[in-house]
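Structure at a glance
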Amino acid sequence: MEKSHAYNHFHTQVKPALISKLEEFRLLGYKEVSETGLWEFLQRKKWKKVKNDIRLYEIIDDILSVKVSDYISFTTIETYKNNDFNMEDENEWKELLK
């Protein structure tokens, strides 16, 4: 079981920033991005190294500075890591390229 991230206590305080970033993603055509997915990206990528004295404004700045390309790259790599694709199977290639 994965332990709780050090910045989870900020989640409710920064919810408006998360919603704002999700609205930006939707305006750019990325409607499938969820709040949970964005928060996971921040925890696993942006906040990999935890700062003990981080401020609320720094958390909000990190959220608002997320680029769509960074998020998409992260989710693509995670998908590859979490799925076992048999590259010899033509049907799996077709599924991957959909």
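Refer to the structure printed above.
Before going into details, it helps to say that this report is about the structure given with it. These numbers come from a predicted model, not from an experiment.

Thoughts on the side chain of Lys21
Tracing the chain through its elements places Lys21 in helix α1 (residues 15-27). Here the side chain of Lys21 touches Glu24 through a polar contact of 2.9 Å, side chain to side chain. Setting aside its immediate chain neighbours within four residues, Lys21 contacts Leu38, Ile63, Leu64 and Val66.

Things to note about the side chain of Gln43
Tracing the backbone through its elements, the reader meets Gln43 in helix α2 (residues 35-46). A polar contact is formed between the side chain of Gln43 and the side chain of Asn8, at a distance of 2.4 Å. Apart from residues no more than four positions distant in its own chain, Gln43 is found in contact with His5, Asn8 and Lys48.

Details of helix α3 (residues 56-64)
For an α-helix, the turn length of 3.6 residues means that residues three or four places apart are oriented alike. Along α3, the positions that sit buried rather than exposed are Glu58, Ile59, Asp62 and Ile63. Buried residues of α3, viewed axially, fall in a sector of 140°; they line one side. Packing partners of the buried residues in α3 comprise α1 and α2.

A closer look at the environment of Ser73
The residue Ser73 is located in helix α4 (residues 68-82) in this model. Here the side chain of Ser73 touches Ser69 through a polar contact of 2.9 Å, landing on its backbone oxygen.

Reading the values: rules and limits
Residues numbered from 1 in each chain as written. Predicted model: local features only at pLDDT ≥ 70, side-chain atom pairs only at ≥ 80, totals over all residues. Heavy atoms only, no water. Helix = DSSP H or I, 4+ residues; strand = E, 2+ residues; numbered from the N terminus. Polar contact = N/O pair within 3.5 Å; in protein donor to acceptor, adjacent residues only side chain to side chain. Contact = heavy atoms within 4.5 Å. Buried < 20%, exposed > 50% of the residue type's maximum accessible area, 1.4 Å probe, protein only. Arc of directions from axis to C-beta.

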